[in-house]
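# Analysis of the macromolecular model
If you want the building blocks of each chain, they are given just below.
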Amino acid sequence: MSEEAQGMGMVDELAGVPTVEEIERHPMDDLLRGERLPHIWCQGCGIGTAVSCFISALMRSGLDLDKVAVVSGIGCTGRVAGYIRLDSFHTTHGRAIPFATGLKLANPEMKVVVFSGDGDLIAIGGNHFIHAARRNMDLTVICVNNFNYGMTGGQMGPTTPTEARTSTSRRGNLEHPFNVPYLAAAAGATYVARWTVLHARRLERSIYKALLKPGFTVVEAISPCPTLYGRWNRKKYGTDMFEYYHQQAVIRHDAQPWEVDIGLAGEIVCGEFVDVERPTFQQMYERLHPDVRPAEDLGLLHRPPTELDAGFEPAPLPPIDVREVTPAQVGTVSTAQVSEAEHVEMRLCGFGGQGIVLAGLIAGKAVALHDHREATFTQSYGPESRGGACSAAIVVSDEAILYPYVTRPNLIAAMYQEAYTTYHGQLAEGGVLLIDEDLVQPDPETGQRVVPVPATRIAEQELGRAQVANVVMLGAIAAVGGGISTEALRQSVLESVPKGTEELNARAFDRGYEYAQGVMASSIAE
Ligand code: SF4
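Now for a quick tour of the structure. (Residues numbered from 1 in each chain as written. Predicted model: local features only at pLDDT ≥ 70, side-chain atom pairs only at ≥ 80, totals over all residues. Heavy atoms only, no water.)

### Some remarks on the sheet that holds strand β1 (residues 68–72)
Read from one edge of the open sheet, 8 strands run β2-β1-β3-β4-β8-β7-β10-β9, paired in mixed fashion. Taken across any chain shown, the strands that pair with only one partner, and hence form the sheet edges, are β2 (87–90) and β9 (249–251). Neighbour to neighbour, the strand axes of the sheet diverge by 20 degrees on average, direction disregarded. Across 5 bridges, the pairing between strand β3 (residues 111–117) and strand β4 (residues 140–145) is parallel. Considered in β4, the bridge of Ser116 is made with Cys143. On top of the sheet, helix α3 (residues 47–61) reaches β1, β3 and β4; it is set at about 170 degrees to β3, its chief contact. Lying over the sheet, helix α9 (residues 200–212) contacts β3, β4, β7 (191–196), β8 (217–222), β9 and β10 (268–275), oriented at roughly 160 degrees with respect to β7. (Pairing = 2+ DSSP bridges. Helix = DSSP H or I, 4+ residues; strand = E, 2+ residues; numbered from the N terminus. Axes fitted to C-alpha atoms, helices over the stretch in contact; angles between N-to-C directions. Contact = heavy atoms within 4.5 Å.)

See below:
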């Protein structure tokens, strides 16, 4: 209300009504890195619920958030470190616990939380897990257990129930899984609990207790992976897995940890199994070395300056060896000219799980098998099958291709912000940048020609299957003339997709084509 209105004694009718910003604000916004969202997790995945429980527990705990650190390893759960607005570290595979141990030793006043998956913590990092428990290192471990390696394609892992099917145990797992609470308890953890993410409030309460209890505290969160584990075991939707938890979970506090094995179809025993007192590593250290703090003993803090510090000048970096690419070599190809150009380079990029590599393969086959031109196809991706950056690159030419890699693409189709950030600077002069407009925010300063296509939204909302977003984008590529004829690209799509999905993919291709044509027509009209 204005000062004048206040002076006249008028009543502010909006007093107490929250503003739009306040309404849109989520109570966990302060602890989430909103700029990194949307997250990479699948629909129906339980990791987000585990994160919510952790944040709620942390907010209630009263811990000084400036003195809380989160450490993750590799895997779908490993992404948590990137989404939480705390001091957080995304470490190498299986090494979250040793990293967290170092952090704690150097900063004894910190609360260090390890938030990672069953594969990372119990297989690759299994040895670290048991020895940190044995030492009673003052860490809280939240182990999200989805019974398989989700990020790399649903392989069998150390917690896969016997006889469960996975991508590497198609007739059923013939091994016996680790029982995580028993392993933690036997190795010396002071607090051990297990819940499914369906038990969100109990899970939150256990995380709260684990955060405040000294020593090595472990909370196992059984969490659905409908995309992979569920699909292999007749539970392909998140709701199927929640139904399974609802039917099979029983709460049995103080059950003996060796009695809480998880079988393929048996009970999932949940509850608090261990809550004991034992001196922590730090307490033992202080008792046996009363004259020194661990960090000072290790020389990690307050290191006195040395001569090297004073005189250190970094050596100049050697010049970067880049191939000089001139406009004459790559051509100054405009949108209209791309399809007639003799030599066209194209890059599709996004994150694992979007079908980027498959789309590149389809494009390469279209050129070589249907347009009968020369083509090379190269791909780059990380070990992750979901969420890692990936790119597919195609060179198209009427002549033999002497250098197979893409250096100055005439066309880039970017379906993820990080992929855009990495590659958009390579775009050749006059080239075209196709973006998934809901996932990429282009830099207006570049002056590049951008054709926005909401490929993922079209796939999800119009066609009902997010998986065909890559084919929507291929249709858009055909529309802007990516050096491949439309007929060849459409034919290649239909030959490459799984049997029974041809009609859906044809619609996806046509919709992408139509949408991009509409965008280009309106930009010409302007
Ligand atoms: S692959 Fe599985 S664990 Fe990974 S995000 Fe998808 S549902 Fe979650």
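From this point, the discussion proceeds with the structure in view.
### Some points on the packing of α3 against α9
Where α3 contacts α9, the two axes come as close as 8 Å, and the packing angle between them is 50 degrees. In terms of orientation, α3 lies oblique with respect to α9. The chirality of how α3 crosses α9 is right-handed. Facing Thr49, Ala50, Cys53, Phe54, Ser56, Ala57, Leu58, Arg60 and Ser61 of α3, the residues of α9 in contact are Ala200, Leu203, Glu204, Ile207, Tyr208, Leu211 and Leu212. By residue class, the composition of the contact of α3 with α9 is 11 nonpolar, 3 polar and 2 charged. (Parallel < 35°, antiparallel > 145°, perpendicular 65-115°, else oblique. Left-handed = near helix turned anticlockwise from the far one by under 90°. Nonpolar A, V, L, I, M, F, W, Y, C, P; charged D, E, K, R; others polar.)

### Quick look at the packing of aromatic side chains
Throughout the structure, instances matching the rule amount to 11 aromatic pairs. Between Tyr244 and Tyr245 the ring centres are 5.7 Å apart and the planes differ by 45 degrees, which places this aromatic pair in the tilted class. Judged by relative accessible area, Tyr245 falls into the buried class, the value being 1%. An aromatic cluster is present here, built from Phe242, Tyr244 and Tyr245 joined pairwise through their rings. In this structure, Lys235 is placed above the aromatic ring of Tyr244, and the distance from its NZ or CZ to the ring centre is 4.7 Å. (Phe/Tyr/Trp six-rings, centres within 6.5 Å; stacked < 30°, edge-to-face > 60°. Buried < 20%, exposed > 50% of the residue type's maximum accessible area, 1.4 Å probe, protein only. Lys NZ or Arg CZ within 6 Å of the ring centre and 35° of its normal.)

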